Amino acid sequence: DLSETNRVIVKIPGQILDEQYTMQLMRNADLDLMQIVLLDRVQKKRRVSREEHKQLKKAGLVEGRYPNLVVAGSVAKKTGQKAEHVRLKGFDKKYYVKLIVELIREHGPVSRKEIDRLLINKLPDVLDEKQKKNKVHNLLSELSRKQRIQNEGTRAKPRWTIAEE
């Protein structure tokens, strides 16, 4: 228990730690100071080096592909940030594929704009707009390659339908 009389203040040049987040980590997780500093950076969406990423990943403290990292679920649980963790991490690919196929099955043919409208706000917050658009493109490409959907329009104006079986 840290009271006002025996409180320790650590100053790290160039770093401003989120005090509440740091205290939660110190109270509820068995982490060293460097891990806490790095997790604070990840939580603030600041970049860590590849070497720092490897250390955090090996310790099971982060998830995601470099440089788009999120704090691991176990850490989020200890800091009371479970909902934020799921929002940042996103869902697995099967979920997005199911949404695309269901939209096309129910309302096909559909445009890319309609697919974007369905998915963009469901993709992880850790991705920027361009990355989200690329993710949708990759999902559509994979479904098309696997012949689950097909484009009956043009490249500029796609009209996605369920592929003939």
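Calculation notes
Residues numbered from 1 in each chain as written. Predicted model: local features only at pLDDT ≥ 70, side-chain atom pairs only at ≥ 80, totals over all residues. Heavy atoms only, no water. Helix = DSSP H or I, 4+ residues; strand = E, 2+ residues; numbered from the N terminus. Buried < 20%, exposed > 50% of the residue type's maximum accessible area, 1.4 Å probe, protein only. Contact = heavy atoms within 4.5 Å. Areas by Shrake-Rupley, 256 points an atom, 1.4 Å probe, with all protein chains shown as cover. Salt bridge = Lys/Arg side-chain N within 4 Å of Asp/Glu carboxyl O. Core = buried A, V, L, I, M, F, W, Y, C linked by side-chain atoms within 4.5 Å. Phe/Tyr/Trp six-rings, centres within 6.5 Å; stacked < 30°, edge-to-face > 60°. Patch = residues over 30% accessible without salt bridge, like charges linked within 9 Å, V, L, I, M, F, W, Y side chains within 5 Å. Arc of directions from axis to C-beta. Axes fitted to C-alpha atoms, helices over the stretch in contact; angles between N-to-C directions. Left-handed = near helix turned anticlockwise from the far one by under 90°. Nonpolar A, V, L, I, M, F, W, Y, C, P; charged D, E, K, R; others polar.

Colleague: It is not clear to me how the overall build of the protein chain should be interpreted in this structure. Could you clarify?
Modeller: Looking only at helices and strands, the protein chain has eight helices and four strands in total. In sequence order, the secondary structure elements of the protein chain are arranged as α-α-α-β-β-α-α-α-α-α-β-β. Put simply, the protein chain has 165 residues, and 34% of those count as buried. The contacts in the protein chain between residues at least 6 apart in sequence include a share of 40% that link residues at least 24 apart. Of the accessible surface of the protein chain, which amounts to about 11,500 Å², a share of 49% is contributed by carbon and sulfur atoms.

Colleague: Quick question: what am I supposed to make of the pattern of salt bridges here?
Modeller: Side chains carrying opposite charge are able to pair once their charged atoms draw close together. Scanning all chains against the criterion turns up six salt bridges. Here the residues in one salt-bridge network are Lys93, Glu142 and Lys146, joined through shared partners.

Colleague: Looking at this model, I keep getting lost on the environment of alanine 59. Mind explaining?
Modeller: Relative to the elements of secondary structure, alanine 59 occurs in the loop between helix H3 (50–58) and strand S1 (62–63). Considered as a pair, alanine 59 and glutamine 35 are 24 residues apart in the sequence and their alpha carbons are 9.3 Å apart.

Colleague: Would you take a moment to explain the nonpolar core for this structure?
Modeller: The nonpolar side chains of a soluble globular protein tend to be buried, and buried together. Ranked by internal contacts, the top residues of the largest apolar core, which has 17 residues, are Ile100, Ile104, Ile115, Leu119, Val136, Leu140 and Trp160. At the level of secondary structure, the elements contributing two or more residues to this core comprise helix H6 (93–107), helix H7 (112–119) and helix H8 (129–145). Per element, the largest residue contribution to this core is six residues, and it comes from H6. Excluding its chain neighbours within four sequence positions, the residues that come into contact with valine 136 are Arg112, Ile115, Asp116, Leu119, Ile120 and Leu123. One finds Ile36, Leu39, Val42 and Leu69 within the second-largest nonpolar core, a separate group that totals 13 residues.

Colleague: For this particular structure, what's the right way to read the packing of aromatic side chains?
Modeller: Going through the model one piece at a time under the given rule, you end up with three aromatic pairs. Ring centres of tyrosine 95 and tyrosine 96 lie 5.5 Å apart, and the angle between their planes is 70°; on these two criteria the pair is classed as edge-to-face. Among the aromatic residues, those joined into a cluster by ring pairs are Phe91, Tyr95 and Tyr96.

Colleague: Whenever I open this one, a nonpolar patch on the surface confuses me. Can you help?
Modeller: Together, Val86, Phe91 and Tyr95 make up an exposed nonpolar region whose accessible area comes to about 260 Å². As for its placement among the helices and strands, valine 86 is situated in helix H5 (residues 82–89).

Colleague: Explanation requested: H7 in the structure shown.
Modeller: The α-helix winds at 3.6 residues per turn, so residues separated by three or four positions along the chain end up facing the same way. Those residues of H7 that fall on the buried side of the exposure criterion are Arg112, Ile115, Asp116 and Leu119. Relative to the axis of H7, the buried residues are bounded by an arc of 100° and lie together on one face. Facing away from the buried side of H7 by more than 90 degrees, the exposed set consists of Lys113 and Arg117. Structurally, H7 contributes buried residues whose contacts are with H6, H8 and strand S4 (160–162).

Colleague: Would you explain the packing of H7 against H8 in this entry?
Modeller: Packed helices, taken two at a time, are described by the angle their axes make and the gap between the axes. Where H7 contacts H8, the axes come no closer than 11 Å and their chain directions differ by 115°. Judged by the twist between their axes, the crossing of H7 over H8 is right-handed. Of the residues in H8, those touching H7 at Arg112, Ile115, Asp116 and Leu119 are Lys133, Val136, His137, Leu139 and Leu140. Residue composition of the contact of H7 with H8, by class: five nonpolar, one polar and three charged.

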